[in-house]
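For reference, the chains in residue letters:
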Amino acid sequence: MIRVGVVGASGLAGGELIRLVSQHPELELTFLGGSSSVGRRPSELHPGLRLDLGLTVEPVTTDLSGRCDAVFLATPAPVSAELAERLADQVPCVLDLSGAFRIRTPELHERWYPKVRRRTELADRFVYGVPELVGEELVGAPLISLPGCYATAITLGLAPLVLGLGLDIRTVVVDGKSGSSGGGLQLRTPDLHPLRSGAIAPYAPTGHRHAAEVGDFFGRGKPGTIGSLSMSAYGVSHVRGLMASSYVFTDQEVDARQLQRAYLRFYKGRPFVRVRRHTETLIPVPDPQAVLGSNFCDVTALHDPEGGRVVVLAALDNLVKGAAGQAVQALNLRFSLPEETGLAMQPVMPA
């Protein structure tokens, strides 16, 4: 069994990690870390988890080298930067779900995460990216940085165009819509029910740090290129799930048939990316409600000849494929397990 610790156990991503790890056949949860929730059991923090794990939340001050083979950091980026520095020498693998190490370029990191101080040499040791695209690099990796929820959807949506077809893309404009769980459990006035219910709130209309991740990642890839990538993000009133709509402009000719073939070919053998036809089911897909509770990302690419663009739609559950599920998927690959181990649950619908 692989011994696993979860730091940030009281948060939403932490709760998802506890849920997934506790039902994983090859993982044993041996440590729960936190600060304000020290001494509390998982069932106290997460009402859906009535589990007797024999664990309570502990402060992250003890040496974990004898207790954990891997530690998930479901903590704010400044906290992750500090903990990763210490845990990197204690445990074989640290997997960070925050933004502390996602952006490799120092200047870009400083722009989007000005309060997150990190050593450049430590950041350079992290493997970043969605498992479908960097799987081989994850095997045996001691430090892994998981993409943000929006970044995961955008990257999976664009990868067949950039890395598969090798398109030189002039512009990508992303429209992102996410449920309230994307903001975590911080108490903020705009997130109170009287203001959030029924809302479509433009909380980041002129840029989002997850778009910076995507640009930084593709900037190091081949064979295609992206000239500029910009994003607007909106909060909507559901709790889970997000949709990333990417409007792609390129001078190279593509048609609907070529797109469908390219996406199916690129994701062949990738169990968690479902290439969909927009009209294949009772409701138009991708739709976040069709992936809730699962580790799937549904992707569709549509040709818009009148608009001179390709429309790429990607939907996922931001707490599973956008966070905890993807982290477990990366852990599976890190320890050479089949990547779907412990993640075979189907979506819950209606939810």
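Everything quoted here is computed from the prediction, not taken from an experiment.

Parameters and conventions
Residues numbered from 1 in each chain as written. Predicted model: local features only at pLDDT ≥ 70, side-chain atom pairs only at ≥ 80, totals over all residues. Heavy atoms only, no water. Phe/Tyr/Trp six-rings, centres within 6.5 Å; stacked < 30°, edge-to-face > 60°. Helix = DSSP H or I, 4+ residues; strand = E, 2+ residues; numbered from the N terminus. Lys NZ or Arg CZ within 6 Å of the ring centre and 35° of its normal. Axes fitted to C-alpha atoms, helices over the stretch in contact; angles between N-to-C directions. Parallel < 35°, antiparallel > 145°, perpendicular 65-115°, else oblique. Contact = heavy atoms within 4.5 Å. Nonpolar A, V, L, I, M, F, W, Y, C, P; charged D, E, K, R; others polar. Pairing = 2+ DSSP bridges. Buried < 20%, exposed > 50% of the residue type's maximum accessible area, 1.4 Å probe, protein only. Left-handed = near helix turned anticlockwise from the far one by under 90°. Core = buried A, V, L, I, M, F, W, Y, C linked by side-chain atoms within 4.5 Å. Salt bridge = Lys/Arg side-chain N within 4 Å of Asp/Glu carboxyl O.

Draft legend 1. Layout of the packing of aromatic side chains. According to the stated counting rule, one finds five aromatic pairs in the structure shown. For the pair Tyr128 and Phe217, a centre-to-centre distance of 6.0 Å together with 65 degrees between the ring planes defines the contact as edge-to-face. Separated by 89 residues along the polypeptide, Tyr128 in strand β5 (residues 127–128) and Phe217 in helix α9 (residues 209–219) bring together distant segments of the chain. Joined through ring pairs, the aromatic side chains of Tyr128, Phe217 and Phe218 make up one cluster. Here Lys177 stacks its cationic end above the ring of Tyr234, 5.0 Å away from the centre of that ring. When the ring centre of Phe335 is taken as origin, the NZ or CZ atom of Arg334, which lies over that ring, is 4.4 Å away.

Draft legend 2. Expanded view of the packing of helix α7 (residues 149–164) against helix α10 (residues 256–266). It is at 10 Å that the axes of α7 and α10 come closest, and there the two elements cross at 95 degrees. Considering the angle they form, α7 stands roughly perpendicular to α10. Listed contacts from α10 to Gly157, Ala159, Pro160, Leu161, Leu163 and Gly164 of α7 are Leu259, Ala262, Tyr263 and Phe266. Residues of the contact of α7 with α10, tallied by class, amount to eight nonpolar, two polar and no charged.

Draft legend 3. Spatial organisation of the sheet that holds strand β2 (residues 27–33). With parallel pairing, six strands are arranged side by side in an open sheet as β2-β1-β3-β4-β6-β5. Each of the sheet's edge strands pairs with one partner strand only, and the pair in question is β2 and β5. Pairing geometry for strand β1 (residues 2–7) and strand β3 (residues 70–73), over four bridges, is parallel. Looking at the pairing, Val7 lines up with Leu73 of β3. The strands touched by helix α1 (residues 12–22) are β1, β2 and β3; relative to β2, the strand with the most contacts, the crossing angle is about 155 degrees.

Draft legend 4. Up close: the pairing of strand β12 (residues 297–304). The buried fraction of β12 amounts to six of the eight residues, a majority that puts the element mostly inside the structure. As paired elements, strand β11 (residues 273–275) and β12 share three bridges and run parallel to each other. Paired with Val275 across the strands is Val299, a residue of β12. Where β12 lies against strand β13 (residues 309–316), eight bridges are found, and the strand directions are antiparallel. Note on β13: the bridge partner recorded for Ala301 is Val312. Between β12 and β13, which pair antiparallel one after the other, the connecting turn spans four residues, and Gly308 there sits at a positive phi close to 60 degrees.

Draft legend 5. Representation of the packing of α1 against helix α11 (residues 320–334) in the model. Taken N-terminus to C-terminus, the directions of α1 and α11 make an angle of 40 degrees; their axes are 9 Å apart at the nearest point. Judged by the angle between their axes, α1 and α11 are oblique. Crossing handedness for the pair α1 and α11: right-handed. Contact residues: α1 offers Ala13, Glu16, Leu17, Arg19 and Leu20, while α11 offers Val320, Ala323, Ala324, Gly325, Ala327 and Val328. By residue class, the composition of the contact of α1 with α11 is eight nonpolar, one polar and two charged.

Draft legend 6. How the structure looks around the nonpolar core. Leu17, Phe72, Leu95, Leu161 and Tyr263 are the most contacted members of the largest nonpolar core, which has 83 residues in total. Among the elements that make up this core, the one with the highest residue count is α7 (10 residues). Leave out the neighbours within four places in its chain, and Tyr263 touches Gly157, Pro160, Leu161, Val275, Val299, Ala301 and Val312. Counting residues in each nonpolar core, the second largest holds 25 residues, with Leu73, Ala77, Ala81 and Leu143 among its members.

Draft legend 7. Spatial organisation of the pattern of salt bridges. Scanning the entire structure with this criterion turns up 19 salt bridges. The salt bridge partner of Arg41 is Glu44, with a shortest N-O separation of 3.7 Å. Between Asp251 and Arg170 there is a salt bridge; the shortest N-O distance is 2.9 Å. Of the two residues, Asp251 sits in the loop between β10 (242–250) and α10 while Arg170 sits in strand β7 (residues 168–178), which places them 81 residues apart along the sequence. Residue classification places Arg170 among the partly exposed positions, given a relative accessible area of 41%. Linked through salt bridges whose partners overlap, the residues forming this network are Glu16, Arg19, Arg240 and Asp317.

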